[in-house]
Amino acid sequence: MALHVDIEKTLGSFHLKVKFEAGNHVLALLGASGCGKSMTLKCIAGIETPDRGRIVLDGTTLFDSEERVNLPPQRRRVGYLFQQYALFPNMTVAQNIACGVREKKDARAQVEEMIRAMHLEGLEHKKPHQLSGGQQQRAALARILVNAPEVLLLDEPFSALDSHLRFQLENEVRSAIRRFGKTVLLVSHNRDEVFRLSDAIAIMNGGALETIGDRKTVFADPKTVSGAILTGCKNVARLEKRGERLAHVPDWGVTLQTSRDIGEATHLGVRMHDILAGTQGPNALRCEVVEEIENPFSYTIMLRPMGAPQARPIGWELDKDTWHRRRADTVTVCLPPAHILLLRE
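If you're wondering where the values come from, they're calculated on a predicted model, not measured in any experiment. (Residues numbered from 1 in each chain as written. Predicted model: local features only at pLDDT ≥ 70, side-chain atom pairs only at ≥ 80, totals over all residues. Heavy atoms only, no water.)

1. A short note on the side chain of T332
Position of T332 relative to the elements: it lies in strand β21 (residues 330–334). A polar atom in the side chain of T332 sits 2.7 Å from the side chain of R286. Discounting residues that sit within four places of it in the chain, T332 has contacts with L276, A277, G278, T279, A284, L285 and R286. (Helix = DSSP H or I, 4+ residues; strand = E, 2+ residues; numbered from the N terminus. Polar contact = N/O pair within 3.5 Å; in protein donor to acceptor, adjacent residues only side chain to side chain. Contact = heavy atoms within 4.5 Å.)

2. A look at the pattern of salt bridges
The tally for this structure, following the rule as stated, stands at 16 salt bridges. The residue R245 makes a salt bridge to D261 at a minimum N-O spacing of 3.0 Å. Taken together, the residues R245 in the loop between β13 (240–243) and β14 (246–249) and D261 in the loop between β15 (254–257) and β16 (267–270) connect sequence positions 16 residues apart. You can call D261 partly exposed: its relative accessible area is 45%. In the salt-bridge network here, residues are joined through shared partners; they are D6, E8 and R52. (Salt bridge = Lys/Arg side-chain N within 4 Å of Asp/Glu carboxyl O. Buried < 20%, exposed > 50% of the residue type's maximum accessible area, 1.4 Å probe, protein only.)

3. Looking at the packing of aromatic side chains
Scanning the entire structure with this criterion turns up one aromatic pair. An angle of 75° between the planes, with centres 5.0 Å apart, marks the rings of F195 and F219 as edge-to-face. One end of the pair, F195, is in helix α6 (residues 191–197); the other, F219, is in helix α7 (residues 215–220), with 24 residues separating them in the sequence. Residue F195 is classed as partly exposed on the basis of its relative accessible area, which comes to 28%. Classification of F219 as buried rests on a relative accessible area of 13%. Lying across the ring of F195, R215 places its NZ or CZ 4.6 Å from the centre. (Phe/Tyr/Trp six-rings, centres within 6.5 Å; stacked < 30°, edge-to-face > 60°. Lys NZ or Arg CZ within 6 Å of the ring centre and 35° of its normal.)

4. Regarding the sheet that holds strand β12 (residues 235–238)
Ordered by their spatial adjacency, three strands build an open sheet running β12-β16-β22, and the pairing between neighbours is antiparallel. Strands at the two margins of the open sheet, each flanked by one partner only, are β12 and β22 (341–343). Taken pair by pair, the neighbouring strands of this sheet meet at an average axis angle of 25°, ignoring direction. Relative to β16, β12 is paired through four bridges, and the arrangement is antiparallel. (Pairing = 2+ DSSP bridges. Axes fitted to C-alpha atoms, helices over the stretch in contact; angles between N-to-C directions.)

5. Overview of the sheet that holds β13
Through backbone hydrogen bonds, the strands of a sheet pair up, either in parallel or in antiparallel fashion. Ordered by their spatial adjacency, three strands build an open sheet running β13-β14-β15, and the pairing between neighbours is antiparallel. Among the strands making up the open sheet, the edge pair consists of β13 and β15. If you compare each strand with its neighbour and ignore which way they point, the axes differ by 30° on average. Alignment of β14 against β15, held across four bridges, turns out to be antiparallel. The partner of V249 across the bridge, within β15, is V254.

6. A few points about the pairing of strand β9 (residues 183–188)
Burial analysis of β9 places six of its six residues in the buried class, the great majority of the element. Of the two faces of β9, both are covered, the one formed by T183, L185 and V187 as well as the one formed by V184, L186 and S188. One ladder, built from five bridges, connects strand β8 (residues 151–155) with β9; its direction is parallel. By the bridge assignment for β9, L152 is matched with V184.

7. Regarding helix α3 (residues 107–117)
Within α3, the full set of buried residues consists of A107, Q110, V111, M114 and I115. Angularly, the buried residues of α3 cover 135° about the axis, an arc narrow enough to put them on a single face. Every exposed residue of α3 that faces more than 90 degrees away from the buried side is listed here: R108 and E113. Buried-residue contacts for α3 involve α2 (93–98) and α4 (133–145). Count one or two residues on from α3 and you reach H119, which has phi positive near 55°. (Arc of directions from axis to C-beta.)

Dropping the structure here:
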């Protein structure tokens, strides 16, 4: 199974231009609101029509602007889970699922099988307003999967849920994805759920794909400023190149060594948990503690390098058993060259 997407679409001043391929795995489109993630899914599903390009699913052309092919949504074998689930409010769970059955002659058996698979036993005769958010999501997934789609599109599937329910539903969706065993596109702006659910990640920004690769590679080297921020890097600053592997950072008032050639990078970043205590190796900085922010299980320590009173603080994350200092103390930390991200705008 393979999905090929190469499309463009203009809406007012916004221009979507994306090109990617996905196999039998979960590809997450990670980006801020308004970057074109949901529009991409809608074009694949046939809800929106691109201005130009091609969409091919397992050898079947869904859309081709040059060949004037544009299959209607019901012929695309695409399962689309909307943010608000889109269950029919006047139908029961069983009736909603039955709407998705393609072969009507054994509809009852298919509905019963999907109710068991999605753990909806006892809810068959309830209507959507009588269900919890998680139950609604499972019912919506059941209606999609009973139709045996060739690709599954998940558009911010946990956005309407509180954090506890998100975690529970994430595990259930992960199980459903594994049973599905085909191409899945997951749209999200939540880096944690993207990392836990996906096999590969595509960073979207301003209607375009900036970076694409397997999830660990993208988190290790997001390549762009927006990619670093989206994957959780809190310390990002513009650099001034002083050598092939030497960068001055005016915002922090420091000069740092990098483990790779700086090349065309315009910024660098360092994740808070990658900063080390002590003076081992290059990039050791003597810093003043300017703020201590308590999190549930850690502290975020804001550090300002000594001798740079106007510098923007650098965030450092430590667990509560490790941190024993207080504001106005000084501490030496190291920003390991191997963990410095080289980024372009």
